[in-house]
Amino acid sequence: KSKNMIAYPYYNTTITQNGVTFTDNKDGTITVNGTATADTFFRVHYAKTDYVLELEPGTYTISDFSGTSNGRVELLGSYDNQSTWSTFAACNNDGKATFTITQKAIVRASIKVYNGKTYNNVVFKPQLEKGSVATAFEKYNPGANLLWINTDTAISNWSFGAEEPNFYNLSTRTEGDAHTIMAPH
């Protein structure tokens, strides 16, 4: 599996809002420039899109490697099918935060910059990883998360997903258990 669990490309690409430009550097990093006229968010991982991330119970660390205390990566989560969201973690001044969840959850991550603060080529490197240690930034590697299916296992159905239109839904049965696999197209 990829060490960095935040999928790339991100929900947002290069955008300017509230006086700040977030530039997608095409390598999983985001450069911020400008003076924020309001607290502003750049979504790097967002639920109800192709960028849903489901976490199993355990300990995780989120980091931003930005070197600034004038912005941070935040992780919101929901235990109840996305009807209630709360902050699971927000990077501290040292650019990281560790948190533990005790049940399966859906999460979304954003870069947050603060009203009235000026940013001059501040680079954020959002990373979410399993465990309690923030390790060196690594761009998300989708190939590391591929699920290989034994070619002897028949795929009983495949289609474009209704809720996830950029993915194929593959359905299969192994030893009596049904499985649905989502694969990008």
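Note that residues are indexed from 1 along each chain, following the sequence as it is written. Residues qualify for local features only when their pLDDT is at least 70, as the model is predicted, and side-chain atom pairs are given and counted only at 80 or more; totals for whole chains, interfaces and linings, by contrast, use all residues. Neither water nor hydrogens contribute to the side-chain values; these are computed over all heavy atoms in the structure.

A. Up close: the overall build of the chain. The helix count covers DSSP runs of H or I at least four residues long, the strand count covers runs of E at least two residues long, and both are numbered beginning at the N terminus. Within the chain, the secondary structure is distributed over zero helices and 15 strands. When each of the 185 residues of the chain is scored for burial, the buried share is 40%. Taking all contacts inside the chain whose residues are at least 6 apart in sequence as the whole, residues at least 24 apart take part in 64%. Summed over all atoms, the accessible surface of the chain reaches about 10,100 Å², with 48% contributed by carbon and sulfur. Relative accessibility thresholds used throughout: buried, under 20% of the residue-type maximum; exposed, over 50%; partly exposed, between the two (1.4 Å probe, protein chains only). Residue contacts are defined here by distance: any two heavy atoms, one from each residue, within 4.5 Å place the two residues in contact. Here the accessible surface of atoms and residues is derived via Shrake-Rupley with a 1.4 Å probe, and residues count as covered only by protein chains that are part of the display.

B. Quick peek at the side chain of Ser 66. Along the chain, the position of Ser 66 falls in the loop between strand 6 (58-63) and strand 7 (71-78). Take Ser 66: its relative accessible area is 14%, and that puts it in the buried class. In the analysis that follows, any N or O atom pair within 3.5 Å is treated as a polar contact, provided that within protein one partner can donate a hydrogen and the other can accept it, and provided that, for residues neighboring in sequence, both atoms belong to side chains. At 3.3 Å, the side chain of Ser 66 and the backbone nitrogen of Thr 68 are in polar contact. In this structure Ser 66 touches Val 122, Val 123 and Phe 124, once residues within four positions along its chain are discounted.

C. Quick look at the environment of Trp 85. Summarising the element assignment, Trp 85 is placed in the loop between strand 7 and strand 8 (86-90). When the C-alpha atoms of Trp 85 and Arg 108 are compared, they prove to be 9.5 Å apart, with 23 residues separating the residues in sequence.

D. Main features of the sheet that holds strand 6. A pair of strands counts as paired when DSSP detects no fewer than two bridges linking them. Ordered in space as 9-6-12, the three strands form an open sheet in which the pairing is antiparallel. Every other strand in the sheet has two partners, leaving strand 9 (96-101) and strand 12 (127-130) as the edge strands with one partner each. Sheet twist, expressed as the mean angle between neighbouring strand axes with direction ignored, is 25°. Axis lines are fitted through C-alpha atoms, for helices just across the contact stretch, and the angle between N-to-C directions can take any value from 0 to 180 degrees.

E. Seen up close, the environment of Gly 58. Along the chain, Gly 58 falls in strand 6. A relative accessible area of 16% places Gly 58 in the buried class. Along the chain, Gly 58 and Thr 102 lie 44 residues apart, while their C-alpha atoms are 6.4 Å from each other. In this structure, Gly 58 is in contact with Phe 99, Thr 100, Ile 101 and Lys 130, ignoring residues within four places of it in sequence.

F. Spotlight on the packing of aromatic side chains. Only the six-membered ring of Trp is used, alongside the rings of Phe and Tyr, when aromatic pairs are assigned; centres must lie within 6.5 Å, and planes under 30 degrees apart are stacked while those over 60 apart are edge-to-face, with the rest tilted. One pass over the structure, following the stated rule, counts six aromatic pairs. With a centroid separation of 5.2 Å and 25° between ring planes, the pair formed by Phe 22 and Phe 42 is classed as stacked. Taken together, the residues Phe 22 in strand 2 (residues 20-24) and Phe 42 in strand 4 (residues 40-45) connect sequence positions 20 residues apart. For the residue pair Phe 22 and Phe 42, the accessibility class agrees, reading buried in each case. Their ring planes at 35° and their centres at 5.2 Å tell us that Tyr 79 and Phe 88 sit as a pair that is tilted. Taking the relative accessible area as the measure of exposure, Phe 88 reaches 15% and is therefore buried. The rings of Tyr 60, Tyr 79, Phe 88 and Phe 99 are connected pair by pair, giving a single aromatic cluster. A cation over a ring is seen here: Arg 108 above Trp 85, with NZ or CZ 4.1 Å from the ring centre. By the criterion adopted, a ring carries a charge over it if an Arg CZ or a Lys NZ lies within 6 Å of its centre and within 35 degrees of its normal.

G. How the structure looks around the environment of Asp 27. Note that Asp 27 resides in the loop between strand 2 and strand 3 (30-35). By relative accessible area, Asp 27 is classed as partly exposed at 35%. Taking the C-alpha atoms as reference points, Asp 27 and Glu 138, separated by 111 residues in sequence, lie 9.3 Å from one another. Apart from residues lying up to four places away in sequence, Asp 27 is in contact with Tyr 8, Phe 137 and Lys 139. Side chain to side chain, Asp 27 and Thr 29 meet in a polar contact 2.5 Å long.

H. Quick peek at the nonpolar core. Residues enter a nonpolar core if they are buried and are Ala, Val, Leu, Ile, Met, Phe, Trp, Tyr or Cys, with the set joined through side-chain atoms within 4.5 Å. With 34 residues, the main nonpolar core has Phe 22, Val 32, Leu 55, Ile 62, Phe 99, Ile 111 and Leu 128 as its most contacted residues. Dropping the residues within four chain positions of it, Leu 128 is found in contact with Lys 3, Asn 4, Met 5, Ile 6, Leu 53, Leu 55, Tyr 60, Thr 61, Ile 62, Leu 75 and Phe 99.

I. View of the sheet that holds strand 3. The four strands are arranged 1-2-3-11 in an open sheet whose pairing can be described as antiparallel. The two strands at the open ends of the sheet, each matched to only one other strand, are strand 1 (15-17) and strand 11 (118-124). Averaged over all pairs of adjacent strands, the angle between strand axes in this sheet comes to 15°, irrespective of strand direction. With five bridges connecting them, strand 2 and strand 3 associate as antiparallel partners. Bridge pairing links Asp 24 to Ile 30 in strand 3.

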